[in-house]
Amino acid sequence: MATRLDGRVVSKKILGELKQTVAKLAQQDVTPTLAVVLVGSDPASEVYVRNKQRRAEEIGVRSLMYRLPEDTSQMTLLAKVAELNQDPDVDAILVQLPLPAGLDERAVIDAIDPNKDVDGFSPVSVGRLWTNEPTVVASTPYGIMALLDAYDIDVAGQRVVIVGRSNIVGRPLAGLMVNHDATVTIAHSKTRNLKQLTREADILVVAVGRPHFIGADAVKPGATVIDVGISRGADGKLHGDVDDDTVAPIAGALTPVPGGVGPMTIASLMAQTVALAKRRLHG
Ligand SMILES: NC(=O)C1=CN([C@@H]2O[C@H](COP(=O)(O)OP(=O)(O)OC[C@H]3O[C@@H](n4cnc5c(N)ncnc54)[C@H](OP(=O)(O)O)[C@@H]3O)[C@@H](O)[C@H]2O)C=CC1
Ligand SMILES: Nc1nc(=O)c2c([nH]1)NC[C@@H]1CN(c3ccc(C(=O)N[C@@H](CCC(=O)O)C(=O)O)cc3)C=[N+]21
Ligand SMILES: [Mg+2]
């Protein structure tokens, strides 16, 4: 049976350490502050928002939540971003994606001050990632690397296949993996013979958003499988993209959903919010 990569346990440890860092910052009158903007009500975003509010509170990070109605105009949203850019108490800004249809995602991301862009979506951050310079990176890829590291799973020289090429998960994860000396392939909906490709992976990461997308026939025995998917089933439960009933018996290691990548995303978001707040001290 696959080793269960327990994101709850690992994130708890990271959050505990962060809590101490936040306490020290408080003595210097710095309260790390994250501003979250949610337009409408995407289900995966609702899960994210709820959990990060909870964790932020636990460790002393101030979390400001702005819920805007589904029919919010581009102008109103840009005005909110501008206000947060200018607020000296706000260290980190996160606009929940996807935005409702009709809103221009790129324009909104470009409006966020790159120094406050905690998702690492700004062209500057993306460029720094791909030239292997220190930068803010999206919390989910960051969390996946931290989880592998916590279980001493070394990616150097390993064949990594990532299914999904989004700006949030697939692309930045590929950058981090290359920076850590992995050999990386990104697959997507136009990929031919997907199963043949995923079966070659020593480390398989799946970020598609379709329950049971990956079964045992798509996994090399002994491989590490990272399940990023979050879908809410008709049963009201959260599901990943990997069919764990069939994959767990043959994989070497596997992340559960819930309790795998999700909690690591939250811990990474907190870590990067705190890192941005520290800039207030050092400039
Ligand atoms: N746990 C966490 O912390 C997080 C979870 N998520 C979850 O992860 C999932 C993916 O999110 P996100 O990256 O934003 O999703 P997107 O919808 O932006 O991307 C999905 C990707 O899957 C690819 N894809 C779709 N169908 C197929 C197929 N049949 N074969 C191969 N590839 C396919 C798409 O290809 P193409 O580009 O060609 O369309 C696309 O690249 C969602 O369930 C989301 O909720 C997301 C972020 C964080
Ligand atoms: N700008 C932006 N950045 C994101 O990083 C981003 C986003 N938009 N939009 C939505 C997706 C989704 N996402 C999740 C993060 C944590 C959990 C999470 O906490 N998951 C828990 C859920 C536990 C539970 O509630 O039962 C788990 O998997 O264990 C889920 C989903 C981040 N995303
Ligand atoms: Mg399942």
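Residues numbered from 1 in each chain as written. Chains lettered and ligands numbered in written order. Predicted model: local features only at pLDDT ≥ 70, side-chain atom pairs only at ≥ 80, totals over all residues.

By the naming in an unreviewed UniProt entry, the protein goes by Bifunctional protein FolD and is assigned to Lacticaseibacillus rhamnosus. Regarding the protein, the relevant UniProt record gives this comment under Pathway (unreviewed entry): "One-carbon metabolism; tetrahydrofolate interconversion." (UniProt positions renumbered as here; feature names shortened; annotations may be inferred.)

This part takes up unusual backbone geometry. With an omega dihedral of -5°, the bond running from Leu97 to Pro98 counts as a cis peptide bond. Its location among the elements puts Pro98 in the loop between strand 4 (92-95) and helix 4 (105-111). One non-glycine residue with positive phi stands out, namely Asp152, at about 55°. Mapped onto the elements of the fold, Asp152 is located in the loop between helix 6 (139-150) and strand 5 (159-163). Phi at His212 is positive, roughly 60°, even though this residue is not glycine. Inspection of the secondary structure assignment puts His212 in the loop between strand 7 (203-206) and strand 8 (224-227). (Helix = DSSP H or I, 4+ residues; strand = E, 2+ residues; numbered from the N terminus.)

A separate point is the site of ligand 2. In the region of ligand 2, 22 residues are neighbours, and Ala44, Tyr48, Asn51, Pro258 and Gly262 sit closest. Contributions of two or more residues to the shell around ligand 2 are made by helix 2 (43-59), strand 4, helix 6 and helix 10 (261-282). The residue makeup of the shell around ligand 2, split by class, is 13 nonpolar, 8 polar and 1 charged. If you count residues domain by domain, the shell around ligand 2 takes at least three from each of domain 1 (28-115) and domain 2 (137-260). (Near = placed C-beta within 6 Å. Nonpolar A, V, L, I, M, F, W, Y, C, P; charged D, E, K, R; others polar. Domains from an automatic or database assignment.)

Moving on to the domain arrangement of the protein. Reports of interface size often rely on the accessible area that becomes lost once the parts have come together. What the domain assignment reports for the protein is domain 1 (28-115) and domain 2 (137-260). In this structure, domain 1 and domain 2 have C-alpha centres spaced 27 Å apart.

Turning next to the UniProt feature "binding site: NADP(+)" (unreviewed entry) in the protein. On the UniProt side, "binding site: NADP(+)" (unreviewed entry) is annotated at positions that read Gly164, Arg165, Ser166 and Ile230 here. With respect to the helices, strands and loops of the structure, Arg165 is situated in the loop between strand 5 and helix 7 (170-179). If we ignore the near neighbours within four places in the chain, the residues touching Arg165 are Gly170, Arg171, Ile186 and His188. Among residues more than four places away in sequence, those in contact with Ser166 are Arg171 and Ala207. (Contact = placed C-beta atoms within 7 Å.)

Their axes nearest at 10 Å, the elements helix 2 and helix 10 cross at an angle of 50°. As far as their axial angle goes, helix 10 and helix 2 are oblique. Seen from above, helix 2 lies across helix 10 with right-handed handedness. In this structure, helix 2 uses Asn51, Lys52, Arg55, Ala56 and Ile59 to contact helix 10, whose residues at the interface are Ile266, Leu269 and Met270. (Axes fitted to C-alpha atoms, helices over the stretch in contact; angles between N-to-C directions. Parallel < 35°, antiparallel > 145°, perpendicular 65-115°, else oblique. Left-handed = near helix turned anticlockwise from the far one by under 90°.)

We now examine the nonpolar core. If you look at the biggest cluster of nonpolar residues, it comprises 75 residues, and the most contacted ones within it are Ile93, Val160, Leu204, Val205, Val206, Val225 and Met270. Top contributing element to this core by residue count: helix 10, with 9 residues. Each of domain 1 (28-115) and domain 2 (137-260) gives at least three residues to this core. Non-local contacts of Val160, meaning those with residues more than four positions away in its chain, are made with Val155, Met177, Ala182, Thr183, Val184, Ala201, Ile203 and Val205. (Core = buried A, V, L, I, M, F, W, Y, C linked by C-beta atoms within 7 Å. Buried ≥ 20, exposed ≤ 12 C-beta atoms within 10 Å, placed from the backbone.)

With that settled, the discussion passes to the site of ligand 1. In the vicinity of ligand 1, 25 residues are found, and the nearest of them are Ala44, Ser166, Ser189, Gly209 and Thr265. With 3 residues, the top contributor of residues to the shell around ligand 1 is helix 10. For the shell around ligand 1, the residue count by class is 11 nonpolar, 12 polar and 2 charged.

Here we come to the sheet that holds strand 3 (residues 62-68). Strand order in the open sheet formed by 3 strands is 3-2-4, and the pairing between neighbours is parallel. Across the chains shown, the open sheet's two edge strands, defined by having one partner strand only, are strand 3 and strand 4. Here the strands of the sheet are splayed against their neighbours by 15° on average, with no regard to which way each runs. Where strand 2 (residues 33-39) and strand 3 come together, 7 bridges link them in parallel fashion. Residue pairing in the sheet places Val37 in a bridge with Tyr66 of strand 3. Against the sheet, helix 2 touches strand 2 and strand 3, its axis set at about 155° to strand 3. (Pairing = 2+ DSSP bridges.)

This paragraph deals with the pairing of strand 4. The two faces of strand 4 match: Ala92 and Leu94 on one face and Ile93 and Val95 on the other face are all buried. Taken together, the 4 bridges between strand 2 and strand 4 define a ladder with parallel strand orientation. Bridging across to strand 4, Leu34 finds its partner in Ala92.

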